[in-house]
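This is what each chain is made of:
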Amino acid sequence: MKRLFILFIILSFFYKAEAQYPVGAKASDLIPKPTLCNDLPGFFEFQPEKTIYAPQEFTDAANLLAEQLNGGNKITGQANKAAIVFTKASPNEKLGAEGYKLNISPEKIAITAETVLGATHAVFSILQLRFLQADQSKLPCAVLTDTPRFGYRGMHLDVSRNFFPVSFIKKYIDLMALYKYNTFHWHLTDGPGWRLEIRKYPELTSEAAFRTHQKWTEWWKTGRKYSHEGDPTAYGGYYTQQEARDIVAYASKRGITVIPEIEMPGHSDEVLAVFPELSCSGKPYQNGEFCIGNPKTYTFLEDVLSEVMSIFPSTYIHVGGDEANTKAWSQCEKCQKLKKDQGLKDEHEVQAYLIKHMEKFLKAHGRKLIGWDEIVDGGLPADATVMSWRGMSGGIKAIQQGHDVVMTPGETYLDAYQSDPATQPEAIGGYLPISRVYNFEPVPEGLTNDQEKHLLGTQANLWTEYMPTTYQVEYMAWPRALALAEVAWSKKEFRNFDDFQRRLNAHYLLLQRLNVNYYRPSGFLTILAQPDYGKQQNKISIQSEQYKPEIRYTTDGTVPTAESALYAEPFYTSGRTEIKAAIFKSGGQEGGVASNVADYHRAIGEKVIFNKQWSDSYPAQKELTLTNGVRGSLSYGDKQWLGYLEDFDVTIDMESVQPISSVSVKFMHQPGPGVFLPGYVELQFSDDGKTFTTVQKQTHDFNPENKELGFKTFEFSCSNQQARYIRLIGPNVMKGFMFVDEIVVY
Ligand code: ACM
């Protein structure tokens, strides 16, 4: 018995030594990574008798700290007796609007900041570091100075597609604050439900805050009808003005500004179902856009915005502006009269007329208008700020016109899949692993220093069509929002995904302690083949969402076992090699087996003649894309998938007539965002580049109605044939996007 006990002690020692997560993280493990940080030996111990001192200006930050330490540490008026001391910095210390200094020694925690916001960020650094400790009564010593890269660091939440309670909004804000986000963009109104009490128009909440179906997809596919408040099966809800004010105050105490979004002129089906006189048709359930030629529209929107401004003190008021359908306006007498009277060129200018009106109204009340990048299309109001979501181009245009911009393109859309969609709960589409969020750079190339000043920052967007519960929101938000927090706060030159992944490992403890249903780093492996043109070999690296797990792999097509080669660093392969890899824990396999074929094939580096042009929206590596030896991943945004709106038609010049044994080409299928396979792929050969003969034509059986992400490799085996020119044709029969990558020739 005793011997067994000793064995247990020895085993548990080894078990601990093997644990991958750091037990007791240091200040240098904070996320976002601080500007300057020196870890020091020793600990500060939180003991109830230790007191907190703060100058008047920082009282709120000191109270917040006392409260978060469970009231154990009292506030004192005597600076010399206190163990936790806040000090106001002079402007010479250059801590700015949000920076802080923190000195944690065994005797004392010294917090220095120029503003209460800076002091609040220091408080959250202390709290974050405390959550990362096995023993939360001790804080490791360190000296740090920390200032943000961007002044706008946002997280958005769509509460229209699904409604979430006040308690959850507060939890969301708590997490944002711990990771130094400073703006909560609250998407309060949209077709699936109006979510804010407006006293002048009670029908907005009694009639338009509830719908017939709980599940958004079911509601969307059926009549898209609303229910009355009180109907037993009505799904929805709204925030009273008192609740919204409470959230504003709660956020403000945590250094977070709440920006409300009231959608106009589109995404307003719910308003127009209840107030059809504000739509072009005048009938309920006909339009999603306000009638811009109707003076009543302006009265309504100004009334709503007046109440909104009385609840939300934020400088910015978000007016949406995205995805408005211009059709109703083009057929509406009132809108067409307005267009003529005002000399508006097209329907984008009709939309801009309304947005400009609202900007003047907000400005007259001391506020600023912010909207999605569609507000650029018909001409921007003088002082509008733009949220660029359809890529970065709308934002770049706005910056060139001297406007402020928040960059929030696809890399910040946390509603996309974070791992292989086949393994995930249904999401809206796309593929955005945490590494892509982390590597997102909000500042586009080519801006001048002055233009760069207009780039305010970035924001994570959470649209909730496929997030029916708070659990699912958390699953999609965390930990990817930690990656964007670092993009938004930390210096660009600090960006290192490997180091982030190492630090992230310590933060799962915090997320667990706060009962966050975060996405667990999966057993999903990515096997990357990077051609080395000098060596004429592929460099193979295996990436994991986990930090340095035990990866075993094979190169002979067999399934890896616990005895297979251990992956330690990238290795090289020649020709065509099938690689299989899996994670092992305690001798057993975890998750699935990943596989990839690394081809150093014969068309690598050969010239491709483009008989039809790719789409400028997805140029990938342009003329090099299809024969660069690098395969497109699960995402068409990875700059390896060449996008087509026309037919696909290319010719590869192999430089001399030679035997060709096989040719293949791969396409993506993702109907959600309109990505389809070609109708068929035809292979042709030629010796002179002029006369081509068809070798083979292949069709496929993919169903365009099937929403799931899929891939089709068209493979042609052509033994005993010779050619110099290889032509591949794939007609774009669905008239959507086609994405193609890597033509493999042997
Ligand atoms: C948006 O994603 N429609 C702004």
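Use the structure listed above.
The rules behind these values
Residues numbered from 1 in each chain as written. Predicted model: local features only at pLDDT ≥ 70, side-chain atom pairs only at ≥ 80, totals over all residues. Heavy atoms only, no water. Phe/Tyr/Trp six-rings, centres within 6.5 Å; stacked < 30°, edge-to-face > 60°. Helix = DSSP H or I, 4+ residues; strand = E, 2+ residues; numbered from the N terminus. Buried < 20%, exposed > 50% of the residue type's maximum accessible area, 1.4 Å probe, protein only. Lys NZ or Arg CZ within 6 Å of the ring centre and 35° of its normal. Pairing = 2+ DSSP bridges. Axes fitted to C-alpha atoms, helices over the stretch in contact; angles between N-to-C directions. Core = buried A, V, L, I, M, F, W, Y, C linked by side-chain atoms within 4.5 Å. Contact = heavy atoms within 4.5 Å.

**Q** Please explain the packing of aromatic side chains as it appears in this structure.
**A** Both the distance between ring centres and the angle between the ring planes are used here to describe each pair of aromatic rings. Counting across every chain of the model gives 39 aromatic pairs. The interplanar angle of 85° and the centroid separation of 5.3 Å between the aromatic rings of Y618 and F737 together place this pair among those described as edge-to-face. Here F737 lies in the loop between β31 (710-730) and β32 (738-745) and Y618 lies in the loop between β26 (607-610) and β27 (642-644), a separation of 119 residues in the sequence. For F737, a relative accessible area of 18% puts it in the buried group. Aromatic pair W641 and F711: ring centres 5.8 Å apart, planes at 25°, arrangement stacked. Remark: F711 occurs in strand β31 and W641 occurs in the loop between β26 and β27; sequence separation between them is 70 residues. The exposure class assigned to F711 is partly exposed, which follows from its relative accessible area of 26%. Through a chain of ring-to-ring contacts, the aromatic side chains of F163, F164, F168, Y172, F184, W186, Y239 and F312 assemble into a single cluster. Its end group placed over the ring of W220, R224 keeps NZ or CZ at 3.3 Å from the ring centre. The positively charged end of K225 is found above the aromatic ring belonging to Y285, 4.5 Å away from the centroid.

**Q** Please explain the sheet that holds strand β23 (residues 571-573) as it appears in this structure.
**A** Where strands meet in a sheet, backbone hydrogen bonds hold them as pairs that are either parallel or antiparallel. Spatial strand order, β19-β20-β23: three strands in an open sheet with antiparallel pairing. In the strand order of this sheet, the two ends are held by β19 (525-532) and β23, each with one partner. When the angles between neighbouring strand axes are averaged without regard to direction, this sheet yields 35°.

**Q** It is not clear to me how unusual backbone geometry should be interpreted in this structure. Could you clarify?
**A** Peptide bonds are mostly trans, and most non-glycine residues show a negative phi. In the segment running from I31 into P32, the intervening peptide bond is cis, with an omega of -5°. As for its placement among the helices and strands, P32 is situated in the loop between α1 (2-18) and β1 (36-45). The linkage connecting M264 with the following residue, P265, adopts the cis geometry, with an omega of -15°. In this fold, P265 is placed in the loop between β13 (257-264) and α8 (269-274). Of note in the backbone geometry, R224 takes a positive phi value of approximately 55° without being a glycine. Note on placement: R224 falls in the loop between α6 (216-221) and β12 (235-236). Of the residues examined, R224 reaches a relative accessible area of 32% and is grouped as partly exposed. Positive phi, normally seen in glycine, also occurs at H267, with a value near 50°.

**Q** Is there a simple way to think about the nonpolar core in this case?
**A** Burial of nonpolar side chains together is a common tendency in soluble globular proteins. If you look at the biggest cluster of nonpolar residues, it comprises 151 residues, and the most contacted ones within it are F86 and W186. At nine residues, the largest contribution of residues to this core is made by helix α4 (residues 166-178). With near-sequence residues (within four places) excluded, F86 lies in contact with I52, Y53, A54, P55, F58, A61, A62, L65, I111, A119 and V123. By size, the runner-up hydrophobic cluster in this structure holds 30 residues, among which are A603, W614, I652 and C718.

Don't take any of this as a statement about function, it's just geometry.
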